[in-house]
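Coordinate analysis (summary)
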Amino acid sequence: DFLGQTFCTLGEIVGSPASRLEKSMGGIQGKKCGTIVLSAEELSNCRDSATMQFCANKLDKKDFFGKSDPFMVFYRSNEDGTFTICHKTEVVKNTLNPVWQPFAIPVRALCNGDYDRTIKVEVYDWDRDGSHDFIGDFTTSYRELARGQSQFNVYEVINTKKKMKKKKYANSGTVTLLSFSVESEFTFLDYIKGGTQINFTVAIDFTASNGNPSQSTSLHYMNPYSLNAYAMALKAVGEIIQDYDSDKMYPALGFGAKLPPDGRVSHEFPLNGDIENPYCNGIEGILEAYHQSLKTVQLYGPTNFAPVVNHVARYAAAVQDGSQYFVLLIITDGVISDMAQTKEAIVNGAKLPMSIIIVGVGQAEFDAMVELDGDDIRVSSRGKLAERDIVQFVPFRDYMDRTGNHVLSMARLAKDVLAEIPDQFISYMKSRGVKPNPAPPPYTPPGLTHHHTLI
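As named in an unreviewed UniProt entry, the protein chain is Copine-5, taken from Dissostichus eleginoides. Note on the protein chain: under the UniProt heading Sequence similarities (unreviewed entry), the record states "Belongs to the copine family."

Written out as structure tokens, the structure is:
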């Protein structure tokens, strides 16, 4: 049920005394909706993530039938003495001696990087109707937990109400820390600053299903006045990625066309015609090579993705030390002929420092592309699941209005296309235990000694 609303800026909250803003709520006519209190606290730039596991012993029995179904709720204390929930364990059914699953939590969330701040833990007995019974609570701190499994990390669970009533009350059970470890979480930018190179490769679909490039209905139509869907997708995505690719030289490939002079079909040909050096200079260089090749090759088929995926995988396989990461952009009308081989290639590529972005152009059914995207069901081949999701699919038409204008900005397309890359990148680095190199010191112009720069 809607209870009311209020609007404010972040500046208003932070700028209030003690960064605590009290506002009355409105939104229901003729009704007072109460007030809401918003308080802000700046997050420490703590990158650590703690993994811990707890068990409990001899908790109070709360259920009339059977034992309790315990779970724990963790709270961090705020600067003003209030508490904010930061983690809930799962419920362990029908036991007074539960062992909960290990969980990872950012140290920021647990105590905002302040090791001595109180952490409150409440223990409950879960009830189906949501009226969970309070068993008891205890307090600790990050500094205490960080001592790991020891006699210091066994806590008495106390129910204050019960303690006041019963003379002989000892406790409502104990909670024990079984294990504790901490590691630093690195960001995408930490790696980029530390010198990891992003290599960007483009593959363009030259199959006949795109339509004859000389006709205006074709997805490859060469309109002198405006970019076709392929060029638009390429430009939108390329312009963002190029900031992370230091040499701005991109291999650009085509697939599904007959090549001159002998008309053989190729599924990985260089757009610039140079097998030895398929690199194009900048996004403009790719667009130029793309337009050139449309004039020289014959659109054909079938639509095989596996060759270009394997092409990039060969390069990625050669540098697995975290110094380079490969992003393949496939732009296609989405009618794929080698689904099984492509899945195999993706499962193999998931072990390598690479990601694949598929932009679907045109009006076809993109079910196969959605399947490759692996967001709902991870891609598998011959019973092997891909070890991480490396494919992001985006239908270009979602960014067009009805007349075919690209009204929805290309910036939005680029954002959605690249949304998953940092996480995919991090998941590769983490799985291989690769830490970023320290960033080089900021540049100081020659002739300035250190104390001058401080002034």
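Let's pick the thread back up.
Looking now at the nonpolar core. One finds Phe200, Phe206, Ile357 and Phe396 to be the most contacted residues of the largest nonpolar core, which totals 52 residues. Looking at this core element by element, the count peaks at nine residues for helix H6 (residues 229–241). Leaving out residues up to four positions away in the same chain, phenylalanine 396 has contacts with Ala229, Met232, Ala233, Val359, Gly360, Val361, Met410 and Leu413. Counting 32 residues, the second largest nonpolar core, distinct from the first, contains Phe326, Ile330, Ile336 and Met339.

So, on to the sheet that holds strand S17 (residues 298–299). The strands making up a sheet are joined through hydrogen bonds of the backbone, oriented either antiparallel or parallel. Read across the open sheet, the three strands follow the order S14-S13-S17; overall the sheet is antiparallel. Only two strands of the sheet have a single neighbouring strand rather than two, namely strand S14 (264–266) and S17.

Judged by side-chain polarity, Leu189, Ile240 and Tyr244 come together as a nonpolar surface patch covering roughly 240 Å² of accessible area. The topology assignment puts tyrosine 244 in the loop between H6 and strand S12 (249–255).

All told, the structure shown has 20 aromatic pairs when counted by the stated rule. Where tyrosine 124 meets phenylalanine 134, the ring centres are 5.7 Å apart and the plane angle is 65°; that geometry is what we call edge-to-face. On the criterion of sequence distance, the pair formed by tyrosine 124 in strand S7 (residues 118–125) and phenylalanine 134 in strand S8 (residues 133–141) is long-range, its members being ten residues apart. We classify tyrosine 124 as buried; its relative accessible area is 17%. In this structure phenylalanine 134 comes out as partly exposed when scored by relative accessible area, which is 28%. Sitting over the ring of phenylalanine 152, arginine 147 keeps its end group 3.7 Å from the ring centre.

Next up on the list: empty space enclosed by the protein. Within the structure shown, the criterion is met by one cavity of 30 Å³ or more. Estimated volume of the largest cavity: approximately 30 Å³. Residue lining of the largest cavity: Ile346, Leu372, Gly374, Arg378, Val379, Ala386, Arg388, Asp389, Ile390 and Val391, and that is the complete set. Here the lining of the largest cavity is composed, by residue class, of six nonpolar, one polar and three charged.

Applying the stated criterion to the full structure yields 17 salt bridges. As a salt-bridge pair, arginine 117 and glutamate 41 come within 2.9 Å of each other at their nearest N and O atoms. Of this pair, arginine 117 sits in the loop between helix H2 (107–111) and S7 while glutamate 41 sits in the loop between strand S2 (35–39) and strand S3 (48–57), placing them 76 residues apart in sequence. For glutamate 41, a relative accessible area of 24% translates into the label partly exposed. Three or more residues joined by partner-sharing salt bridges are found here, namely Glu41, Glu79, Asp114 and Arg117.

Here we come to H6. Taking 1.5 Å per residue, 13 residues should reach 18 Å; H6 reaches 18 Å between its end C-alpha atoms and fits that length. Counting buried residues in H6 gives ten out of 13 residues, a clear majority hidden from the surface. If you follow the buried residues of H6, they end up packed against strand S11 (197–205), helix H7 (282–296), strand S18 (324–332), strand S19 (354–360) and helix H11 (410–418). For H6, the capping residue at the N-terminal end is asparagine 228, with a side-chain oxygen 3.0 Å from the backbone nitrogen of tyrosine 230.

The next subject is the packing of H6 against H7. At their nearest, the axes of H6 and H7 sit 10 Å apart, and the two run at 160° to each other. As summarised for this structure, H6 and H7 are arranged roughly antiparallel, according to the angle between their axes. The two elements H6 and H7 cross, and the hand of that crossing is right-handed. Contacts from Tyr230, Ala231, Leu234, Lys235, Gly238 and Glu239 of H6 reach H7 at Ile283, Glu284, Ile286, Leu287 and Tyr290. When its residues are assigned to classes, the contact of H6 with H7 shows seven nonpolar, one polar and three charged.

By the element assignment, serine 77 lies in strand S4 (residues 70–77). Using a relative accessible area of 7% as the deciding quantity, one classes serine 77 as buried. Among the polar contacts listed, one links the side chain of serine 77 to the backbone oxygen of threonine 118, at a separation of 3.0 Å. Residues within four places of serine 77 in sequence aside, it is in contact with Thr82, Phe83, Arg117 and Thr118.

Next up on the list: the packing of H6 against H11. Interhelical geometry of H6 versus H11 gives an angle of 65° and a closest axis separation of 9 Å. As far as their axial angle goes, H11 and H6 are roughly perpendicular. The handedness of the crossing between H6 and H11 is right-handed. Within the contact between the two elements, H6 uses Met232, Ala233, Ala236, Val237, Ile240 and Ile241 and H11 uses Met410, Leu413, Ala414, Val417 and Leu418.

Residues annotated in UniProt with the feature "domain: C2" (unreviewed entry) correspond here to residues 32–155. Counted over residues 32–155, helix gives 7% and strand 42%. Its end C-alpha atoms are 44 Å apart.

Analysis parameters
- Residues numbered from 1 in each chain as written.
- Predicted model: local features only at pLDDT ≥ 70, side-chain atom pairs only at ≥ 80, totals over all residues.
- Heavy atoms only, no water.
- UniProt positions renumbered as here; feature names shortened; annotations may be inferred.
- Core = buried A, V, L, I, M, F, W, Y, C linked by side-chain atoms within 4.5 Å.
- Buried < 20%, exposed > 50% of the residue type's maximum accessible area, 1.4 Å probe, protein only.
- Helix = DSSP H or I, 4+ residues; strand = E, 2+ residues; numbered from the N terminus.
- Contact = heavy atoms within 4.5 Å.
- Pairing = 2+ DSSP bridges.
- Patch = residues over 30% accessible without salt bridge, like charges linked within 9 Å, V, L, I, M, F, W, Y side chains within 5 Å.
- Areas by Shrake-Rupley, 256 points an atom, 1.4 Å probe, with all protein chains shown as cover.
- Salt bridge = Lys/Arg side-chain N within 4 Å of Asp/Glu carboxyl O.
- Phe/Tyr/Trp six-rings, centres within 6.5 Å; stacked < 30°, edge-to-face > 60°.
- Lys NZ or Arg CZ within 6 Å of the ring centre and 35° of its normal.
- 1 Å grid on protein atoms, 1.4 Å probe; cavity = no way out; pocket = protein on both sides within 12 Å on 5 of 7 lines; lining within 4 Å.
- Points joined across faces, edges and corners; volume = space filled by probe spheres on them.
- Nonpolar A, V, L, I, M, F, W, Y, C, P; charged D, E, K, R; others polar.
- Expected span 1.5 Å × (residues − 1).
- Polar contact = N/O pair within 3.5 Å; in protein donor to acceptor, adjacent residues only side chain to side chain.
- Axes fitted to C-alpha atoms, helices over the stretch in contact; angles between N-to-C directions.
- Parallel < 35°, antiparallel > 145°, perpendicular 65-115°, else oblique.
- Left-handed = near helix turned anticlockwise from the far one by under 90°.

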